[in-house]
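Here's the letter readout for the chains.
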Amino acid sequence: MEEAQRGALRRGRARLVAALRVAPLWGPLRERGLFTRPMVEDVQSAGSRGEQARQLLIDLETRGKRAFPVFLSILRDTGQGDLADMLAAECGCPSAPPQLVDLRPVQLELRGEEHPKNVNLPERLSVPVQAESERPQVPPVPVWGLAVDEWNQDLVYQLRADPCGRCLILNNINFTTGLGLSTRHGSDVDCEKLEKRFRALSFDVLTQRDLEARDMVSELQKLARQDHSALDCCIVVILSHGCQMSHVQFPGGVYGTDGKPIPIEKIVNYFNGSNCPSLRGKPKLFFIQACGGEQRDRGFVVDSNSPGDEAPRGSVESDATPFQAPSGNMDEPDAVASLPTPSDILVSYSTFPGFVSWREVSSGSWYVETLDSVLEQYAPSEDLLNMLLRVANAVSAKGKYKQIPGCFNFLRKKFFFKCQ
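A quick note: this is a predicted structure, and the numbers were derived from the prediction, not measured.

Reading the values: the criteria
Residues numbered from 1 in each chain as written. Predicted model: local features only at pLDDT ≥ 70, side-chain atom pairs only at ≥ 80, totals over all residues. Heavy atoms only, no water. Buried < 20%, exposed > 50% of the residue type's maximum accessible area, 1.4 Å probe, protein only. Helix = DSSP H or I, 4+ residues; strand = E, 2+ residues; numbered from the N terminus. Arc of directions from axis to C-beta. Contact = heavy atoms within 4.5 Å. Pairing = 2+ DSSP bridges. Axes fitted to C-alpha atoms, helices over the stretch in contact; angles between N-to-C directions. Parallel < 35°, antiparallel > 145°, perpendicular 65-115°, else oblique. Left-handed = near helix turned anticlockwise from the far one by under 90°. Salt bridge = Lys/Arg side-chain N within 4 Å of Asp/Glu carboxyl O. Core = buried A, V, L, I, M, F, W, Y, C linked by side-chain atoms within 4.5 Å. Phe/Tyr/Trp six-rings, centres within 6.5 Å; stacked < 30°, edge-to-face > 60°. Polar contact = N/O pair within 3.5 Å; in protein donor to acceptor, adjacent residues only side chain to side chain.

Trainee: Quick one: what's the story with helix H4 (residues 37-44), residue by residue and with numbers?
Mentor: Buried within H4 are the following residues: Met 39, Val 40 and Val 43. The buried residues of H4 all sit within an arc of 100° when viewed along its axis, so they share a single face. Tucked inside the fold, the buried residues of H4 contact helix H3 (26-31) and helix H5 (49-60).

Printed below as a string of structure tokens:
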């Protein structure tokens, strides 16, 4: 929807909430493709007529370029033309739709020919003009950009809150000396990029820097215990060193600045349906920039000037070490088939557990740099999983030493970010 149209809806909101008759609108809104049945039922559950009208106007702003003119047409079809004229005036567009020209056949006189007066001419062709409500329905417009196939709205998470959710970023850079965990130069660059990006995507962002393991756990539990009832999503970002750990569902672990590891699956489970009821049925996204190897990071610098490879812009450090088979019996991701699969959760790893994850001192990690760029370019038009494929493809093409991000996806629907 154009900004002028949004402005018209907002300036006219007080009058619309006071006067709009919503009951006659539900059928046309569905028939004309602006709302699906679940969306109509959601608006109807808002409460009184006025509250339904207010929620309808808020949702209408997300319905694409066709929404405003089609809504005006529906208002006129339901006898509320005065409200349609008011909105049209606020927007600066014509107060009434253009009238169809009445095309009638005319008899052409051909030069040099005389027609007998008793010849019967063909009857005038009658071309019926369809009423607005009888015209073929045009496929509906996506919710955000061109991204969402509206016929499958039931398979898309709805982000309507503003902000749409909370985002916690834990950024560990400096670690206790003597642990073999080097300073993570460039991580502040990653952190700043993600702060700006998720704020632009309508998230309330909180960043904590250089936390010991117990303080990381405390921040995560604090976020999980908050009331998310009025929100639609939750994001956790962890920038740190990492390691392999025994697991059942989600592999890997991340270090606090004191060198103590926290299992990724422990972090994720703070936010599952049992521990965080207000996020049940809502997407919970985790982005992990950390190593996945068993050995601790040595922070060595590599030369990436190999033919055909994309050369990095500065020194490159490792957030991971090559995979080594752990000793003893380890649980694998499918080791306990009887456990319930967590729902509405996605964990995106900068590298598949057990492999290296590279970070440039001057521009941050390959993973975060690419993720930020892909979100900027494709968030208005593509769902999250498709964008993560783009991230994996782009990162895998970088440098002499290779890296490929991966994810564990337990989302039940497609996830599209809410773009301005």
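Trainee: Describe the sheet that holds strand S6 (residues 261-263), and please don't skip the residues or the numbers.
Mentor: Strand pairing in a sheet relies on backbone hydrogen bonds. The paired strands run either parallel or antiparallel. The 3 strands are arranged S4-S5-S6 in an open sheet whose pairing can be described as antiparallel. Sheet topology places strand S4 (242-243) and S6 at the edges, where each strand pairs with a single neighbour. Where strand S5 (residues 253-255) meets S6, 3 bridges bridge the pair, whose relative direction is antiparallel. If you follow Gly 253 over to S6, its bridge partner there is Pro 263.

Trainee: Any chance you could break down the environment of Pro 380 for me, citing the residues and the numbers?
Mentor: Assignment of secondary structure puts Pro 380 in the loop between helix H11 (366-378) and helix H12 (384-396). In the structure, Pro 380 is positioned 37 residues away from Phe 417 in sequence and 7.2 Å away in space, judged by C-alpha atoms.

Trainee: Residues and numbers for the sheet that holds strand S12 (residues 406-409), please.
Mentor: The mixed open sheet is built from 6 strands, whose spatial order is S2-S1-S3-S7-S9-S12. Whereas interior strands pair on both sides, the edge strands pair on one side only; in this sheet they are strand S2 (203-209) and S12. In this sheet, adjacent strand axes meet at a mean angle of 10° when their direction is disregarded. Packed onto the sheet, helix H8 (residues 187-200) meets strand S1 (165-171), S2, strand S3 (233-239) and strand S7 (284-289) and runs at close to 160° relative to S2. Packed on one face of the sheet, helix H9 (residues 213-225) meets S1, S2 and S3 and runs near 180° to S1.

Trainee: An account of the packing of helix H6 (residues 67-77) against helix H7 (residues 81-91) is requested, with residue identities and associated values reported.
Mentor: The contact between H6 and H7 brings their axes to 7 Å, and the two run at 150°. What the angle tells us is that H6 and H7 run roughly antiparallel. Pair H6 / H7 crosses with left-handed handedness. Here H6 contributes Phe 68, Phe 71, Leu 72, Leu 75 and Arg 76 to the contact with H7, which in turn contributes Gly 81, Leu 83, Ala 84, Asp 85, Leu 87, Ala 88 and Cys 91.

Trainee: Outline the pairing of S3, supporting the account with residue identities and numerical values.
Mentor: Summarising burial for S3: 7 of the 7 residues are buried, a large majority. Here S1 runs beside S3; their pairing, made up of 7 bridges, is parallel. Bridged to Gly 165 within S3 is Cys 233. Two elements, S3 and S7, share 6 bridges in a ladder whose sense is parallel.

Trainee: Just give me the short version of the pattern of salt bridges, but keep the residues and values in it.
Mentor: Pairs may arise between side chains of opposite charge once their charged atoms sit close together. All chains considered together, the criterion is met by 17 salt bridges. Its salt-bridge partner being Arg 13, residue Glu 61 comes within 3.2 Å of it at the nearest N-O pair. One end of the pair, Glu 61, is in the loop between H5 and H6; the other, Arg 13, is in helix H2 (residues 13-19), with 48 residues separating them in the sequence. Arg 13 gets classed as partly exposed once you look at its relative accessible area, which sits at 23%. Across the salt bridge formed by Asp 188 and Arg 209, the nearest N and O atoms sit 3.0 Å from each other. One end of the pair, Asp 188, is in helix H8; the other, Arg 209, is in strand S2, and 21 residues separate them in sequence. Taken together, the salt bridges that share partners define one network made up of Arg 10, Arg 13 and Glu 61.

Trainee: Just give me the short version of the nonpolar core, but keep the residues and values in it.
Mentor: Judged by nonpolar contacts, the single largest core of 34 residues is most densely connected at Phe 198, Phe 203, Ile 235, Leu 285, Phe 287 and Phe 417. Listing elements by their share of this core, those giving two or more residues are S1, H8, S2, S3, S7, H11 and H12. Ranked by size, the runner-up nonpolar core spans 32 residues in total, among them Ala 8, Phe 71, Ile 74 and Leu 83.

Trainee: Just give me the short version of the packing of aromatic side chains, but keep the residues and values in it.
Mentor: As enumerated under the stated definition, the model contains 9 aromatic pairs in all. Measuring from centroid to centroid gives 5.7 Å for Phe 271 and Phe 286, while their planes differ by 65°, and the two rings are edge-to-face. Taken together, the residues Phe 271 in the loop between helix H10 (264-269) and S7 and Phe 286 in strand S7 connect sequence positions 15 residues apart. Note on Phe 271: relative accessible area 1%, which makes it buried. Where Tyr 349 meets Phe 408, the ring centres are 5.8 Å apart and the plane angle is 70°; that geometry is what we call edge-to-face. With Tyr 349 in strand S9 (residues 345-349) and Phe 408 in strand S12, this residue pair connects regions lying 59 residues apart in the sequence.

Trainee: Which residues make up the environment of Glu 382, and what are the values?
Mentor: Tracing the backbone through its elements, the reader meets Glu 382 in the loop between H11 and H12. Counting along the chain gives 35 residues from Glu 382 to Phe 417, while the straight-line C-alpha distance between them is 8.6 Å. A distance of 2.7 Å separates polar atoms of two side chains, one belonging to Glu 382 and the other to Asn 386.

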